[in-house]
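Residues per chain are reported as follows:
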Amino acid sequence: MSSIARDSSRVPPVWERLPQIFGYPFKPACLTTLGLAALLYAIGMLVPLLGLILVIVAWVVLYKFAYDVLEATARGWMTPPEIQRKSNSWVLVKTFGLFVLLGIAVTGIAIATGSMVLVATTSLFIVAALPAAIITLAMSNSLMAALNPGTWVSIMRSVGLPYFIASLLLLMLSISQGMAESMVAGVFGPNLLGQVGVFLIGGYFLVASFHLMGYLVYQHHHSLGVEQEVSAADRARAANPDLTPLLQEVEGLVADGNVGDAIDRLQREFRQSGLQPQEHERYRKLLHLQGRTEDLLAHSRAYISTLLYGLEQPKKAMSIAEEALRLDTSFQPEDPRQVRDLARLADQYEHHDLVIRLTSPFGKENPKHPHLPENYYLGAKALFEGRGDEQKALKILRQLQKHFPDHELRDRVDELAERAERIAAS
């Protein structure tokens, strides 16, 4: 079996897992079991006398598997069990006994009190508590424990509102099952194909419903005291086989709640031998989650260099620069030459604000740098074309004409200055 992994310590609630819950019965282990049970059921319907035994065996196989699914899911496994778990072949009898005894209890109250209000109230309570009773039967394999109202109330109280949302979802599944079975019976009639079709539909919804109940237990396993069979780290690694070994280790640390250790592990690797692209992204996300702005800015400076000259991802480099400037308006890349390279890219893609924010402080920080004229030219161009501030742009261009009369960009500076002056005059 594979298992669930989490991007953080949060377990998605059951209503966010509905696509996976509906798709769960289509997994190979489920299809194999459903197919075997349907085959036994079909043979049982064809063979007189002995056939009844095969039909019962088919239902036993189906219910035992469903209870195994519930218990395995509750302990963290998100794929169907491929080996038998602790539920035994008597689980169908215990389930039948559970329903019969609950029905007898309601009938007894009706006979003893004659109060329809009390009967209706009891019936509603039992319907609401039925998932808790089935969960108890699956986890304890004890019919007496499953019949204990105190256990039901304890589960409902521990889980809270999500329990009742899950109960509503189970009711919707039950209604959908009834509609699907009616459609199949209406199309194929009472013949063998129709009966096997109804059996398969019942099996599908049974497995999906038990997986839903198991996931509810898994989601609240801490408050319910349900022991997990694998660590959170192992779950994270098992569910992310495509990740790099470093990220699998990191996800294991995150799943165990050790986000700080995960950051430190990535930071050490970053400083010693560098990170792969997906490792960079995970490192940044964790830094964001922890609010470690200074570390994020330090990483941005080094990462921009990698993106520009190593990975050759210019748009990503611009995105990192823009993000860093939102965090710190005084942010500058680690190498002055990157200002020009980023400004050129930002000018090419018309990211005018990025050009202005990168080039504006450059002269103060690097007054004699050879890139200063081009940076100021790009800044003036961004002011003129991006913000429509021809006056400020013209002022910068006049300074460039005065102090760098022989620069290779002189013709472009003159042309832009002429345009800005013409618009300013008009």
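Calculation rules
- Residues numbered from 1 in each chain as written.
- Predicted model: local features only at pLDDT ≥ 70, side-chain atom pairs only at ≥ 80, totals over all residues.
- Heavy atoms only, no water.
- Helix = DSSP H or I, 4+ residues; strand = E, 2+ residues; numbered from the N terminus.
- Rg over C-alpha atoms; globule rule 2.2 N^0.38 Å.
- Buried < 20%, exposed > 50% of the residue type's maximum accessible area, 1.4 Å probe, protein only.
- Contact = heavy atoms within 4.5 Å.
- Areas by Shrake-Rupley, 256 points an atom, 1.4 Å probe, with all protein chains shown as cover.
- Salt bridge = Lys/Arg side-chain N within 4 Å of Asp/Glu carboxyl O.
- Phe/Tyr/Trp six-rings, centres within 6.5 Å; stacked < 30°, edge-to-face > 60°.
- Axes fitted to C-alpha atoms, helices over the stretch in contact; angles between N-to-C directions.
- Parallel < 35°, antiparallel > 145°, perpendicular 65-115°, else oblique.
- Nonpolar A, V, L, I, M, F, W, Y, C, P; charged D, E, K, R; others polar.

### What to know about the overall build of the protein
- On a plain count of helices and strands, the protein comes out with 22 helices and zero strands.
- For a compact globule of 426 residues, the expected C-alpha radius of gyration is about 22 Å, and the protein comes in at 34 Å, more than 25% above that figure.
- Each of the 426 residues in the protein was classed as buried or not, and the buried ones make up 46%.
- Counting only contacts in the protein whose residues sit at least 6 apart along the sequence, the fraction spanning at least 24 positions is 64%.
- Just so you have it, the protein exposes about 21,400 Å², and 59% of that area is on carbon and sulfur atoms.

### Quick word on unusual backbone geometry
- A positive phi angle, close to 60°, is found at asparagine 141, a residue other than glycine.
- Here asparagine 141 is to be found in the loop between helix H5 (116-140) and helix H6 (143-146).
- For glutamate 312, which is not glycine, the phi torsion reads 55° and is therefore positive.
- Judged by its relative accessible area of 63%, glutamate 312 falls in the exposed class.

### Some thoughts on the pattern of salt bridges
- Within this structure, the stated rule accounts for 19 salt bridges.
- Salt-bridge contacts for aspartate 68 lead to lysine 64; the nearest nitrogen and oxygen are separated by 3.2 Å. Residue aspartate 68 and its partner lysine 64 are located together in helix H3 (residues 50-74), separated by four residues, close to a single helical turn.
- Of the charged contacts in the structure, one is a salt bridge between lysine 316 and glutamate 281, with a shortest N-O distance of 3.3 Å. With lysine 316 in helix H16 (residues 314-327) and glutamate 281 in helix H14 (residues 277-290), the pair connects residues that are 35 residues apart, well separated along the chain.
- Residue classification places lysine 316 among the partly exposed positions, given a relative accessible area of 26%.
- Judged by its relative accessible area of 32%, glutamate 281 is partly exposed.

### Details of the packing of aromatic side chains
- A complete count under the given rule lists eleven aromatic pairs for this structure.
- Here the aromatic rings of tryptophan 59 and tyrosine 63 are separated by 6.3 Å at their centres, their planes lie at 45°, and the arrangement is tilted. Of this pair, tryptophan 59 and tyrosine 63 both sit in helix H3, separated by four residues, roughly a single helical turn.
- Residue tyrosine 63 is classed as buried on the basis of its relative accessible area of 19%.
- Look at tryptophan 59 and phenylalanine 199: their rings are 4.8 Å apart centre to centre, the planes differ by 70°, and that puts the pair in the edge-to-face class. Residue tryptophan 59 is found in helix H3, and its partner phenylalanine 199 is found in helix H9 (residues 192-219); the two are separated by 140 residues along the sequence.
- Since its relative accessible area comes to 30%, tryptophan 59 is described here as partly exposed.

### What to know about the packing of H16 against helix H17 (residues 336-348)
- Running from N to C, H16 and H17 cross one another at 105°; their axes reach a closest spacing of 10 Å. For the element pair H16 / H17, the angle class is roughly perpendicular. Within the contact between the two elements, H16 uses Pro314, Ala317, Met318 and Ala321 and H17 uses Leu342, Leu345 and Ala346.
- Residue composition of the contact of H16 with H17, by class: seven nonpolar, no polar and no charged.

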